[in-house]
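A look at the structure
Letter by letter, the chains look like this.
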Amino acid sequence: FRHPAELEPSRKHGQRATTGHVNTYIPHPMGVQPEGNYYMAPEDIRDHQTHGLGYFVAIPHHVIISVLEHLNAVDLAQVGMASKSMLVFSREEDLWKTITLETFGGMFTFQTNWRYTFIANKLPSFSLVPATITFPPLYSDYLFHLWRCTSIPTTTWGQAGRPSVDTVPRRAGLSPEEFKREYLDTNMPVILTDVMKDWSALQEWSPENLKAKYGDREFYINSGVHMRLRDFFSYVEQVQEEMPMYLFDHYYGETSPELLQDYKIPPFFGDDLFGLLGESRPSYRWLLVGPARAGASFHKDPNHTSAWNGVISGYKKWVMYPPHITPPGVYPSDDGLEVATPSSIMEWFINYYPSRDDVPPKASRPSAEGSTKARSKKRKGDDEEEEVRPLECVLGPGEMIFVPCGWWHTVLNLTPSVAVTQNFCNNQNVLNVIKFLQTKTKKDMHQTFTDRLEAHAPGMLSRLVAEQDAAEAKKRTFWQTVEAERNKPNAEQSTFTFNFDQAEDSD
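Residues numbered from 1 in each chain as written. Predicted model: local features only at pLDDT ≥ 70, side-chain atom pairs only at ≥ 80, totals over all residues. Heavy atoms only, no water.

**A look at the overall build of the protein**
- Counting its regular elements, the protein contains 18 helices and 19 strands.
- Within the protein, contacts between residues separated by at least 24 positions form 77% of all contacts whose residues are at least 6 apart in sequence.
- Accessible surface for the protein amounts to roughly 24700 Å². Of this, 51% is attributable to carbon and sulfur atoms. (Helix = DSSP H or I, 4+ residues; strand = E, 2+ residues; numbered from the N terminus. Contact = heavy atoms within 4.5 Å. Areas by Shrake-Rupley, 256 points an atom, 1.4 Å probe, with all protein chains shown as cover.)

This is the structure we're talking about:
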């Protein structure tokens, strides 16, 4: 299993949604404008675009980009010499990012932008500083939306140290018993503000210290490459793109075990039953380093585990929906193993993030339990729906968030950030984990895990199942009890009589 943030964002250029309530406008460096402006432009400007694209004028712009993806560096540069319009298409950053990674893997030094990075690493003697070139406008919703996702300030959704919306509770001084009762047992998120105060990582993991100690070591990047840490920090300091690379390394405990000495797991999370699997356990801890706009698209944590995430430096925006509410713009498969989301985290925030104006002031906050109404709404009655705002927060240095089992969440770096996260399985989520492991792709692990659990704590699983069944029985309505009785084999059915006193107010 690979964590969603560990995966390289898709480069498939399907037609994107270009609506949204975010109105921030930053001019495109090469003069690209929305297509609607075409009809108000002087005729000579419109002719410029028609002639510049030639036969390509009839092709959707995302298809043009898809065609250009198949070209090598020389051919792509030559296409850009055909006309001013084609030059704009040929300079699209993601095209050159793909070529650079395919050519150099992770062994390159980022410089200014992806096209210049490719040239400078291919031809070390090349030293020209790339200049901005402006032309008569090219009208393209697609290209303009790519730029919009690249350029819009992340402070639109929260500011470092000054969160615009903060609805996840912050707690300090919790005892393990209080944490279990208030958050583990209720499966609700919380920010813990005092559990990292003794971590030496808060001082030792500054970008400068990490480069000095580990700069020549290679770490895994979600683009499928390994990079030296100093080269990755050079990228972080310069890049501005819609889908940045993200250092999301689950090997760091083996390749750089010294890092494990710089923090300690809070006692709230010390009980991790997946440890019974030894070396065969799934990936469970990650070192996270990335620029602004990096992060993780909407997902539930792997294997239905819970997690904690501690921020060492920088600020992260979190948006969370409980298990029974599917976030807007997110489409999971029936078995939950696949999730379709917008092309990037930035696109979700631009097109789907519920601003204060989108949801009525009386909209409810989510709870951990509820119906299965999708698209960020839950049922309030047969003919009425109640809007539900997500829980959200800005997580800063020295703060740790508890991510309960099954909760949908997306994370956006508002600034460059360093963090560490770990998933765990305990008594509160083990039944969910086992149920997930019963899927056909996890059956071998399911058998091994249940066998070792039984050897470790005989009878524990049976006890937890019985407790869960008892809790579910208490929640049953009158009619659900009737249905359960009706579905039993005849020999097991109890004698049942109906009267109006029983039925009254049963729902």
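**Focus on the packing of helix α10 (residues 207-214) against helix α11 (residues 229-238)**
- Put simply, α10 and α11 touch, their axes get as near as 9 Å, and they point 155° apart. As summarised for this structure, α10 and α11 are arranged roughly antiparallel, according to the angle between their axes. Of α11, the residues touching α10 (which contributes P207, L210, K211 and Y214) are L229, R230, F233 and E237.
- Residue classes in the contact of α10 with α11 are distributed as 5 nonpolar, no polar and 3 charged. (Axes fitted to C-alpha atoms, helices over the stretch in contact; angles between N-to-C directions. Parallel < 35°, antiparallel > 145°, perpendicular 65-115°, else oblique. Nonpolar A, V, L, I, M, F, W, Y, C, P; charged D, E, K, R; others polar.)

**Describing the environment of T255**
- With respect to the helices and strands, T255 occurs in helix α12 (residues 252-255).
- On the basis of relative accessible area, T255 is assigned to the partly exposed category, the value being 44%.
- It is 8.8 Å that separates the C-alpha atoms of T255 and E218, two residues lying 37 residues apart in sequence. (Buried < 20%, exposed > 50% of the residue type's maximum accessible area, 1.4 Å probe, protein only.)

**Comments concerning the packing of helix α14 (residues 430-437) against helix α15 (residues 443-456)**
- The interhelical angle for the contact between α14 and α15, taken along N-to-C directions, is 145°, at an axis separation of 8 Å. Contacts between α14 and α15 involve V430, V433, I434 and L437 on the former and, on the latter, K443, M445, H446, F449, T450 and L453.
- Within the contact of α14 with α15, the residues separate by chemical class into 7 nonpolar, 2 polar and 1 charged.

**Notes on the side chain of H446**
- Mapped onto the elements of the fold, H446 is located in helix α15.
- For H446, a relative accessible area of 15% corresponds to the buried category.
- Setting aside its immediate chain neighbours within four residues, H446 contacts I434, L437 and Q438.

**So, the nonpolar core**
- Counting residues in hydrophobic clusters, the biggest one holds 67 residues, and the most contacted among them are L143, F179, W205, F232, M245 and F269.
- Ignoring any residue separated from it by four or fewer positions in sequence, one finds L143 in contact with H28, V32, I65, V88, F89, E92 and L138.
- Counting 20 residues, the second largest nonpolar core, distinct from the first, contains C149, F298, I345 and F349. (Core = buried A, V, L, I, M, F, W, Y, C linked by side-chain atoms within 4.5 Å.)

**Things to note about unusual backbone geometry**
- Although it is not a glycine, R293 adopts a positive phi angle of roughly 80°.
- Its place among the elements puts R293 in the loop between β8 (285-290) and β9 (295-299).
- Given the relative accessible area of 10%, R293 is considered buried.
- The backbone of H304 shows a phi angle near 60°, a positive value even though the residue is not glycine.
- Its location among the elements puts H304 in the loop between β9 and β10 (306-313).

**Some remarks on the confidence of the model for the protein**
- For the protein, per-residue confidence averages 84 on the pLDDT scale, and 81% of positions sit at 70 or higher.
- Below pLDDT 50 for its whole length, residues 1-20 participates in 64 contacts with residues either more than four positions away or in separate chains. (pLDDT = per-residue confidence, 0-100.)

**Section: the environment of F436**
- Along the polypeptide, F436 turns up in helix α14.
- Sequence separation of F436 and D335 is 101 residues, and the distance between their C-alpha atoms is 9.5 Å.

**Examining the side chain of N309**
- Within the element layout of this structure, N309 appears in strand β10.
- Setting aside chain neighbours within four positions, we find N309 in contact with L288, K316, W318, L395, E399, M400, I401, A419, V420 and T421.

**Some remarks on a nonpolar patch on the surface**
- A surface patch of nonpolar side chains, about 200 Å² in accessible area, is lined by F56, V63 and V67.
- Mapped onto the fold, V67 is located in helix α2 (residues 61-68).
- On the accessibility criterion, V67 (40% relative accessible area) is partly exposed. (Patch = residues over 30% accessible without salt bridge, like charges linked within 9 Å, V, L, I, M, F, W, Y side chains within 5 Å. Salt bridge = Lys/Arg side-chain N within 4 Å of Asp/Glu carboxyl O.)

**Structural notes on the pattern of salt bridges**
- For the coordinates displayed, the defined rule picks out 16 salt bridges.
- Salt-bridge contacts for D216 lead to R230; the nearest nitrogen and oxygen are separated by 3.1 Å. Here D216 is found in the loop between α10 and β5 (218-221), whereas its partner R230 is found in helix α11, with 14 residues between them in sequence.
- Owing to a relative accessible area of 59%, D216 belongs among the exposed residues under this scheme.
- Close ionic contact of E258 with R217 constitutes a salt bridge, the shortest N to O distance being 2.7 Å.

**Concerning the packing of aromatic side chains**
- As enumerated under the stated definition, the model contains 33 aromatic pairs in all.
- For the ring pair W348 and F349, a centre distance of 5.2 Å and an interplane angle of 90° mean the geometry is edge-to-face. Across the pair, exposure class does not vary: W348 and F349 are buried alike.
- In textbook terms, an aromatic cluster arises when at least three aromatic residues are bridged by ring pairs, as seen for F179, Y183, W199, W205, Y263, F268, F269, W308, F402 and F424. (Phe/Tyr/Trp six-rings, centres within 6.5 Å; stacked < 30°, edge-to-face > 60°.)

**Brief notes about the pairing of β8**
- In terms of residue burial, β8 counts as a mostly covered element, since 6 of its 6 residues are buried.
- Taking every second residue as pointing to the same face, both faces of β8 are buried, with R285, L287 and V289 on one and W286, L288 and G290 on the other.
- Sheet topology places strand β7 (residues 247-249) next to β8; 3 bridges connect them, and they run antiparallel. When the bridges of β8 are listed, L247 appears paired with V289.
- Where β8 and strand β19 (residues 417-424) come together, 6 bridges link them in antiparallel fashion. In the strand pairing of β19, L288 is matched with A419. (Pairing = 2+ DSSP bridges.)

**Looking at helix α8 (residues 176-184)**
- Listing the buried residues of α8 in full gives F179, Y183 and L184. What you see down the axis of α8 is that its buried residues fit within an arc of 75°, all on one side.
- The elements touched by buried residues of α8 are β3 (170-171), β4 (190-192) and β17 (400-403). (Arc of directions from axis to C-beta.)

**Overview of the sheet that holds strand β18 (residues 408-413)**
- Sheet architecture is open: 4 strands sit in the order β9-β18-β11-β16, paired in antiparallel fashion. Edge positions in the open sheet fall to β9 and β16 (391-395), since each of these has one partner strand only. For this sheet, the mean angle separating the axes of adjacent strands, direction not counted, is 15°.
- Sheet analysis places β9 next to β18, joined by 3 bridges and oriented antiparallel. Pairing of A296 across the sheet is with V411, part of β18.

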